[in-house]
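Observations on the model geometry
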Number of protein chains: 2
Amino acid sequence: MIEPAPDTVDEGFVLEAAAPDLRRAIELLFFAYRDFTGEADRLLERYGFGRAHHRVIYFVGRHPGISVSGLLDILKITKQGLSPVLGQLMRDGFVVGRPDRVDRRRRRLYLTEEAQALERQLTARQSTRLAAAFACAGPEAADGFTRVLEAMVAADDRHRVAPAPPTEGPLSVP
Amino acid sequence: MIEPAPDTVDEGFVLEAAAPDLRRAIELLFFAYRDFTGEADRLLERYGFGRAHHRVIYFVGRHPGISVSGLLDILKITKQGLSPVLGQLMRDGFVVGRPDRVDRRRRRLYLTEEAQALERQLTARQSTRLAAAFACAGPEAADGFTRVLEAMVAADDRHRVAPAPPTEGPLSVP
DNA sequence: CAATTTATGTCAGCAACGTTGACATATATG
DNA sequence: CATATATGTCAACGTTGCTGACATAAATTG
């Protein structure tokens, strides 16, 4: 008999069936996220990279000069987990690390030209897919999509996301 | 020098910087999905299960009597990849397989009572988080969220998602 | 200056989740 | 009977993580 830790007893709602629209959203999220990442995965394969490499390329490109520990904070993985991925990217000439001028313990990470080009391709692919979905669902839906995602990310990660661009278009009715 | 396969040359748009709102949505999707799945992961740990077990429990619960190959079609993994996960679930008494009456090669899979209870807990957790985000972002945003996800899933997977529940509430203005 | 803390790197061992390829078995179908 | 299908299993391997232990260089602090 498997015995889950009897700590949180505040789950009396557990036996309720989930609302159909919530259950549907859960399923959609699974399929949509898989298709979304699969898009980029196929491009990364050509370089011998995986999804972990993509994340490093993305966030180093997003925060040029980020330190290793800064990257670890964003990715929420250990340095031992990052090590082979970052090592391969540096050996392959996609990421370079230069010591910080004032604190020479820190290594500031940058993308090479080649990596920047790859990042643009990856982001362009995902943007294209997302833009198609936005176009299909309409601008109000796109706005709602983003707002729900914002509400979903944990407070610890909120500040890491780019600030919302100034609203423009049909929604800014002054 | 790494050399990507020079097949698709139709990517001239690649050098364009992605629109800020699209880039923002990409980031949000990464953080939101990670937080969303992490929620369930912590519960699964108590049982010695991982995310792969979750997916099997979810889809067997969603399609009682599904065959092994039907499950593989949904998950898009190989039977060798499924084998240890499904094997553990069956040994632990969470999934049972009974031969189909007419075609006895096929094994129809079902959740046990215990697994159904676990599935309800997992789905309830995720529903709660999603419902909170929906409440925070508002019903129109929730609707837009779902519509964008629908547009994102590949056509091959569309039919696997539960049909949209009949619209009710403020959006059905007759 | 000496001691400690911080940032980073590295080695070993392990686990989850997936892959390809090869082969086996039972059943269905022509 | 011959072939195709559904499933299972074994072996080898790869990616992406984990924990624990230890090393080094540089900064900070007493």
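These figures come from a predicted structure and were not determined experimentally.

Section: the interface of chain B and chain A
The partner chain A presents 76 residues to the 75 residues of chain B that form the contact. Taken together, the two surfaces of chain B and chain A that pack against each other cover about 7,400 Å², and 69% of this comes from carbon and sulfur. Our count for the contact surface shared by chain B and chain A stands at eight salt bridges. Elements with a minimum of two residues in the side of chain B that touches chain A: α1 (20-45), α2 (51-62), α3 (68-75), α5 (113-137) and α6 (139-152) of chain B. Residues that form the side of chain B that touches chain A fall into these classes: 45 nonpolar, eight polar and 22 charged.

Let's talk about the relation of the copies chain B and chain A
Applying a rotation about an axis and a shift along it to one chain copy brings it onto the other copy. Mapping chain B onto chain A calls for a rotation angle of 180° and an axial translation of 0.0 Å; the resulting RMSD is 0.1 Å. Read as a symmetry element, the transformation amounts to a two-fold axis. No C-alpha of chain B lies nearer the rotation axis than that of Phe-145 of chain B, which sits 1.9 Å from it. Here 100% of the interface residues in chain B have copies in chain A that are interface residues too; the copies meet face to matching face.

Structural notes on the protein's contact with DNA strand D
Of all residues adjacent to DNA strand D, which total 21 residues, the nearest are Thr-78 of chain A together with Ser-69, Lys-79, Arg-105 and Arg-107 of chain B. Counting only the atoms of DNA strand D that lie within 4 Å of the protein, the sugar and phosphate share comes to 64%. A distance of 3.2 Å separates a phosphate oxygen of DNA strand D from a polar atom in the side chain of Arg-55 of chain A. At 2.7 Å from a phosphate oxygen of DNA strand D is found a main-chain nitrogen or oxygen belonging to Thr-78 of chain A. Mapped onto the surface near DNA strand D, the elements with two or more residues apiece are α2 (51-62) of chain A together with α3 and α4 (79-91) of chain B. Residue contributions to the surface near DNA strand D peak at four residues, all from α2 of chain A.

With respect to the sheet that holds strand β2 (residues 95-99) of chain B
Pairing within the open sheet is antiparallel, and its three strands lie in the order β1-β3-β2 (chain B). If you trace the sheet from one side to the other, it starts and ends with β1 (66-67) and β2 of chain B, each paired once.

A few points about the confidence of the model for chain A
All names here are of chain A. For chain A, the mean per-residue pLDDT works out to 87, and 86% of the residues sit at or above 70. Counting interchain partners and residues more than four positions distant, the pLDDT-below-50 stretch residues 1-15 has 19 contacts. Residue range residues 169-174 is modelled with pLDDT below 50. Its contacts to residues more than four positions away, or to other chains, number three contacts.

Points about the packing of helix α5 (residues 113-137) of chain A against helix α6 (residues 139-152) of chain A
For any two helices packed against each other, the geometry is given by the interaxial angle and the distance between the axes. Residue and element names in this part refer to chain A. In contact at an axis separation of 6 Å, α5 and α6 are set at 125° when each is read in the N-to-C sense. Judged by the angle between their axes, α5 and α6 are oblique. Here α5 contributes Leu-130, Phe-134 and Ala-137 to the contact with α6, which in turn contributes Pro-139, Ala-141, Ala-142, Phe-145 and Thr-146. For the contact of α5 with α6, the class distribution of residues is seven nonpolar, one polar and no charged.

What counts as what
Residue positions are given per chain, counting from 1 as you read along its sequence in written order. Starting at A for chains and at 1 for ligands, labels are handed out in the order in which the entities are written. For this predicted model, a pLDDT threshold of at least 70 governs which residues receive local features, and a threshold of 80 or more governs which side-chain atom pairs are given and counted, while totals over whole chains, interfaces and linings are taken from all residues. Values shown for side chains rest on all heavy atoms present in the structure; no hydrogens or waters enter the calculation. When checking whether two residues touch, look at their non-hydrogen atoms; a contact exists if any pair is within 4.5 Å. The term buried area denotes the loss of accessible surface (1.4 Å probe radius) that occurs when two parts are joined, taken as the sum for both partners. Salt-bridge detection follows one rule: a side-chain nitrogen of Lys or Arg within 4 Å of a carboxyl oxygen of Asp or Glu. Helical segments are the DSSP runs of H or I of at least four residues, strand segments are the runs of E of at least two, and each set is numbered from the N terminus. Side-chain classes follow a simple rule in which Ala, Val, Leu, Ile, Met, Phe, Trp, Tyr, Cys and Pro form the nonpolar group, Asp, Glu, Lys and Arg form the charged group, and the remainder, Gly included, forms the polar group. Alignment of copies: least-squares fit on C-alpha atoms of residues with pLDDT of at least 70 in both copies. Residue proximity to a molecule or strand is established when one non-hydrogen atom of the residue lies within 4 Å of it. Pairs of N or O atoms are called polar contacts if they sit within 3.5 Å, as long as, within protein, a hydrogen donor faces a hydrogen acceptor (for residues adjacent in sequence, only side-chain-to-side-chain pairs). Paired strands, in this sense, are two strands between which DSSP finds at least two bridges. pLDDT runs from 0 to 100 and stands for how confident the predictor is about each residue. For helices, the fitted line uses only the C-alpha atoms of the stretch in contact; every axis is such a line through C-alpha atoms, and the angle between N-to-C directions lies from 0 to 180 degrees. Small angles under 35 degrees read as roughly parallel and large ones over 145 as roughly antiparallel, with 65 to 115 read as roughly perpendicular and the rest as oblique.

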